[in-house]
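# An overview of the molecular structure
The lines below spell out each chain.
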Amino acid sequence: MSTIDNYRGCLIGGAAGDALGYAVEFSREDQIAARYGAGGIRDYQLDDRGLAPFSDDTQMTLYTANGLLHAVTRGRLRGILGPLRDYVSGFYVEWSRTQTEPYPLADHSAWISALPELFVPRAPGATCLSACAVGAHGTPEEPINDSKGCGGIMRVAPAGLLADLRGAPPCSAWGLSWRRSRTATNWGGCPPGSSPTS
């Protein structure tokens, strides 16, 4: 399987699962059973365009991937590469603008910010938006909030695929785990929110 197939599988598979679950994201188990039966939701809930919308988790996963690809591309073309989490933080801040500002953005770095389809608020969490408002530069050692959520695990999958890119910074198993947890904790820094990525 090629690297591009790995990326496609990761991003499309994650988006497909997210789109299936988005219709019940804030529902309790008994509410889901009452609406869809004991087996739960099994079919996509289509919107008026015939599409199954995905949540802010997929939006942020796409911005994670775009930030990492931007960083690696910059490293290859210019021969300089700063900390990966700094690129991703900047792209998360840009994502937050898609949730609060109209399309198109006057200035943007992420190529996906040119897609009007991403300018749809998908119930972004207050933690995400408040962290982005202050730059999204939290670390486990210096958190910028006291989040105990698991949002990091939902958006950090592209960091694991970075190890497959030729020319990407070298990865060991420990280093990859560290990279994912650092990317996941760009704002929270709380161990329960970052440890699932390890």
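Quantities reported herein were computed from a predicted structural model and do not represent experimental measurements. (Residues numbered from 1 in each chain as written. Predicted model: local features only at pLDDT ≥ 70, side-chain atom pairs only at ≥ 80, totals over all residues. Heavy atoms only, no water.)

## Digging into the overall build of the protein
Counting its regular elements, the protein contains nine helices and zero strands. Mapped from its N terminus to its C terminus, the protein presents α and β elements in the order α-α-α-α-α-α-α-α-α. A buried classification covers 40% of the 198 residues belonging to the protein. Taking all contacts inside the protein whose residues are at least 6 apart in sequence as the whole, residues at least 24 apart take part in 64%. (Helix = DSSP H or I, 4+ residues; strand = E, 2+ residues; numbered from the N terminus. Buried < 20%, exposed > 50% of the residue type's maximum accessible area, 1.4 Å probe, protein only. Contact = heavy atoms within 4.5 Å.)

## Quick look at the layout of surface pockets
Estimated volume of the largest pocket: approximately 430 Å³. In this structure, the largest pocket is lined by 18 residues; those nearest its centre are Leu11, Ile12, Leu62, Trp111 and Ile112. Every element with two or more residues in the lining of the largest pocket is listed here: helix 1 (3–22) and helix 3 (56–78). Among the elements that take part in the lining of the largest pocket, helix 1 stands out by supplying seven residues, more than any other. For the lining of the largest pocket, the per-class residue count stands at 13 nonpolar, three polar and two charged. (1 Å grid on protein atoms, 1.4 Å probe; cavity = no way out; pocket = protein on both sides within 12 Å on 5 of 7 lines; lining within 4 Å. Points joined across faces, edges and corners; volume = space filled by probe spheres on them. Nonpolar A, V, L, I, M, F, W, Y, C, P; charged D, E, K, R; others polar.)

## What about the side chain of Ser55?
Within the fold, Ser55 resides in the loop between helix 2 (29–36) and helix 3. Polar contacts involving the side chain of Ser55 include one to the main-chain amide nitrogen of Asp57, which spans 3.0 Å. Once you skip the residues sitting within four places of it in the chain, Ser55 turns out to touch Asp18, Tyr22, Glu25 and Arg122. (Polar contact = N/O pair within 3.5 Å; in protein donor to acceptor, adjacent residues only side chain to side chain.)

## Describing the nonpolar core
Among soluble globular proteins, nonpolar side chains are generally buried collectively. Counting 21 residues, the largest nonpolar core has Tyr63, Leu68, Tyr92, Trp95 and Leu162 as its most contacted members. Within the residue set of this core, elements represented by two or more residues are helix 3, helix 4 (84–100), helix 5 (126–133) and helix 7 (157–161). A total of six residues in this core trace back to one element, the largest contributor, which is helix 4. For Leu68, the contacting residues outside a window of four places in its chain are Leu84, Val88, Pro158, Ala159 and Leu162. (Core = buried A, V, L, I, M, F, W, Y, C linked by side-chain atoms within 4.5 Å.)

## Some details on the pattern of salt bridges
A complete count under the given rule lists six salt bridges for this structure. Salt-bridge contacts for Asp30 lead to Arg28; the nearest nitrogen and oxygen are separated by 3.1 Å. Note on Arg28: relative accessible area 49%, which makes it partly exposed. (Salt bridge = Lys/Arg side-chain N within 4 Å of Asp/Glu carboxyl O.)

## Some points on the environment of Arg85
If you trace the backbone, Arg85 turns up in helix 4. By relative accessible area, Arg85 is classed as buried at 15%. On a C-alpha basis, the gap between Arg85 and Leu68 in space is 8.3 Å, while along the polypeptide they are 17 residues apart.

## As for the packing of aromatic side chains
Here the distance between the centres and the angle between the planes together describe a pair of aromatic rings. Counting across every chain of the model gives one aromatic pair. Judged by centre distance (5.1 Å) and plane angle (75 degrees), the rings of Tyr103 and Phe119 are edge-to-face. Of this pair, Tyr103 sits in the loop between helix 4 and helix 5 while Phe119 sits in the loop between helix 4 and helix 5, and the two are 16 residues apart along the sequence. Judged by relative accessible area, Tyr103 falls into the partly exposed class, the value being 40%. (Phe/Tyr/Trp six-rings, centres within 6.5 Å; stacked < 30°, edge-to-face > 60°.)

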